[in-house]
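Tertiary structure, described
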Amino acid sequence: MKRSDLAVYFIMGTENCKDEPLVVLEDALKSGITFFQLREKGANALTGESLEKFALACQTLCKEYNVPFIINDNVQLALKINADGVHVGQDDAPIAQIREQFNGKIVGVSVHNDEEMKVAVEGGADYVGIGPIYETQSKADAKPAAGVSFLSKARRDYQDFPIVGIGGITTENASEVLAAGADGVAVISAICQSADRRETINLLK
Ligand SMILES: Nc1nc(C(F)(F)F)ncc1COP(=O)(O)OP(=O)(O)O
Ligand SMILES: [Mg+2]
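Everything numeric in this text was worked out from a predicted model, so none of it was measured. (Residues numbered from 1 in each chain as written. Chains lettered and ligands numbered in written order. Predicted model: local features only at pLDDT ≥ 70, side-chain atom pairs only at ≥ 80, totals over all residues. Heavy atoms only, no water.)

Digging into the nonpolar core
Selection criterion: Definition of nonpolar core: a set of buried residues of the types Ala, Val, Leu, Ile, Met, Phe, Trp, Tyr and Cys, connected through side-chain atoms within 4.5 Å. For each residue, the accessible area found with a 1.4 Å probe, counting protein chains only, is set against the maximum for its type, and the residue is called buried under 20%, exposed over 50%, and partly exposed in between. The way it works is that DSSP assigns letters per residue, a run of H or I at least four long becomes a helix, a run of E at least two long becomes a strand, and they are numbered from the N terminus. Contact definition: two residues touch when any of their heavy atoms are within 4.5 Å.
Counting 68 residues, the largest nonpolar core has F10, I33, F36 and F69 as the members making the most contacts within it. At six residues, the largest contribution of residues to this core is made by helix α2 (residues 48-64). Excluding its chain neighbours within four sequence positions, the residues that come into contact with F36 are Y9, F10, M12, L25, C58, C62, V67, P68, F69 and I70.

Printed below as a string of structure tokens:
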């Protein structure tokens, strides 16, 4: 993957959308997202067969638009349907183990400090997600908003490593995240709830 692939990283699960999720995803793909992550969370999250079916439908749409399709947390599902990669957090399996399972695929890791960043980079992650930059409504167990200070430091320490910012990012504050050194922004609500996704996506770049 290229760093520029992270420019507008849309993340979505069925709980994030008022409208039909696949309609939202196709509109977002048509409107120019550059990366997609299926993050199925919450009380009514799809599971089992219905999750697999939904994931396959998302994967088909992403293939049509030549956008990488990443699955959050669910390593088994990502392997089973041959997703383009997986995103894991600090509570998931160690990066070295994930890296081995996903040879040649994309592995993203959430990091919050120098140590986690070092382990992710040395463990072979393809990109890191840093956040939450701002307060977020999309992650119930999110850490407090950290601002851009750690992101800026990570960029100083790893000048060429792919970094995406996440957490409460909107068209109003995306430029601050990019100025701090992120290659792109990861968003859920800003795109899910947008009335004009093409305009929103252009304002996130
Ligand atoms: N899902 C994510 N995607 C990104 C990405 F880099 F892709 F923007 N960064 C961070 C997260 C958060 O990941 P995690 O800490 O495991 O929590 P959750 O499983 O609730 O998402
Ligand atoms: Mg996770």
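Alright, that's what it looks like, and here's the rest.
Describing the sheet that holds strand β1 (residues 8-12)
Heads up, the rule is: Any two strands with at least two DSSP bridges between them are considered paired. Only C-alpha atoms enter the line fits that serve as axes; for helices the fit covers just the stretch in contact. Angles between N-to-C directions range over 0 to 180 degrees.
With respect to topology, eight strands assemble into a closed barrel ordered β1-β2-β3-β4-β5-β6-β7-β8, the strand pairing being parallel. Each neighbouring strand pair of the sheet contributes to a mean axis angle of 25°, computed without reference to strand direction. Across three bridges, the pairing between β1 and strand β8 (residues 184-187) is parallel. The residue bridging F10 from the neighbouring strand is V187, located in β8. Contacts from helix α5 (residues 114-122) reach β5 (106-111), β6 (127-130) and β7 (163-166), with the element oriented near 170° to β5. Each of β5, β6 and β7 touches helix α6 (residues 149-157); the most contacted strand, β7, lies at about 180° to it.

Comments concerning the UniProt feature "domain: Thiamine phosphate synthase/TenI" (unreviewed entry) in the chain
Rule in force here: UniProt positions are given in the numbering used here, feature names are shortened, and annotations may be inferred rather than shown by experiment.
UniProt records the feature "domain: Thiamine phosphate synthase/TenI" (unreviewed entry) at residues 8-191, using the numbering of this structure. For residues 8-191, helix accounts for 36% and strand for 19%, while the C-alpha atoms at its two ends are 10 Å apart.

Remarks on α2
The condition that has to hold: Expected span of a helix, by definition, is 1.5 Å for each gap between consecutive residues, and there is one gap fewer than residues. What the arc covers is the set of directions going from the helix axis to the C-beta atoms.
For α2, spanning 17 residues, the distance from its first C-alpha to its last is 25 Å, which sits close to the expected 24 Å at 1.5 Å a residue. Within α2 the residues assigned to the buried category are L51, F54, A55, C58, Q59, L61 and C62. On an axial view of α2, the arc spanned by its buried residues comes to 160°, and they lie on one face. For α2, the exposed residues set more than 90 degrees away from the buried face come down to E49, K53, K63 and E64. One or two positions beyond α2, positive phi appears at N66, with a value near 55°.

Notes on the site of ligand 1
Formally: The criterion for a residue being near a molecule or strand is simple. One of its heavy atoms has to lie within 4 Å of it. Any pair of nitrogen or oxygen atoms within 3.5 Å is treated as a polar contact; in protein, a donor-acceptor pairing is required on top of that, and neighbouring residues in sequence qualify only through side-chain atoms on both sides. Residue burial considers only the protein chains on display, and all accessible areas are found by Shrake-Rupley using a 1.4 Å probe. Residues are grouped as follows: Ala, Val, Leu, Ile, Met, Phe, Trp, Tyr, Cys and Pro are nonpolar; Asp, Glu, Lys and Arg are charged; all remaining types, including Gly, are polar.
With respect to spatial proximity, 16 residues lie near ligand 1, and among them Q37, R39, K41, S110 and K139 are the closest. Q37 is positioned such that a nitrogen or oxygen atom in its side chain is 3.0 Å from a nitrogen atom of ligand 1. K139 has a polar side-chain atom sitting 2.9 Å from an oxygen atom of ligand 1. With the chains in place, 92% of the 460 Å² that ligand 1 exposes on its own is no longer accessible. Every element with two or more residues in the shell around ligand 1 is listed here: β1, β6 and β7. Split into classes, the residues belonging to the shell around ligand 1 amount to six nonpolar, six polar and four charged.

Points about the packing of aromatic side chains
Applied cut-off: Paired rings are identified among Phe, Tyr and Trp, the last through its six-membered ring, by centres lying within 6.5 Å, and are further divided according to the angle between planes into stacked (under 30 degrees), edge-to-face (over 60) and tilted (the rest).
One pass over the structure, following the stated rule, counts five aromatic pairs. Centroid distance Y9 to Y127: 5.8 Å. Interplanar angle 75°. Geometry classified as edge-to-face. Separated by 118 residues along the polypeptide, Y9 in strand β1 and Y127 in strand β6 bring together distant segments of the chain. Here Y9 matches Y127 in class, with each residue buried. One aromatic cluster in this structure is built from Y9, F35 and Y127.

A look at unusual backbone geometry
Residue P132 is reached from G131 by a cis peptide bond, and omega for that bond is 5°. With respect to the helices and strands, P132 occurs in the loop between β6 and α6. With a phi close to 65°, D73 is a non-glycine residue in the positive phi region. With respect to the helices and strands, the residue D73 is situated in the loop between β3 (69-72) and α3 (75-80). On the accessibility criterion, D73 (27% relative accessible area) is partly exposed. In this structure, N82 is a non-glycine residue whose phi angle is positive, near 55°. Turning to its location among the elements, N82 is positioned in the loop between α3 and β4 (85-88). The exposure class assigned to N82 is partly exposed, which follows from its relative accessible area of 46%.

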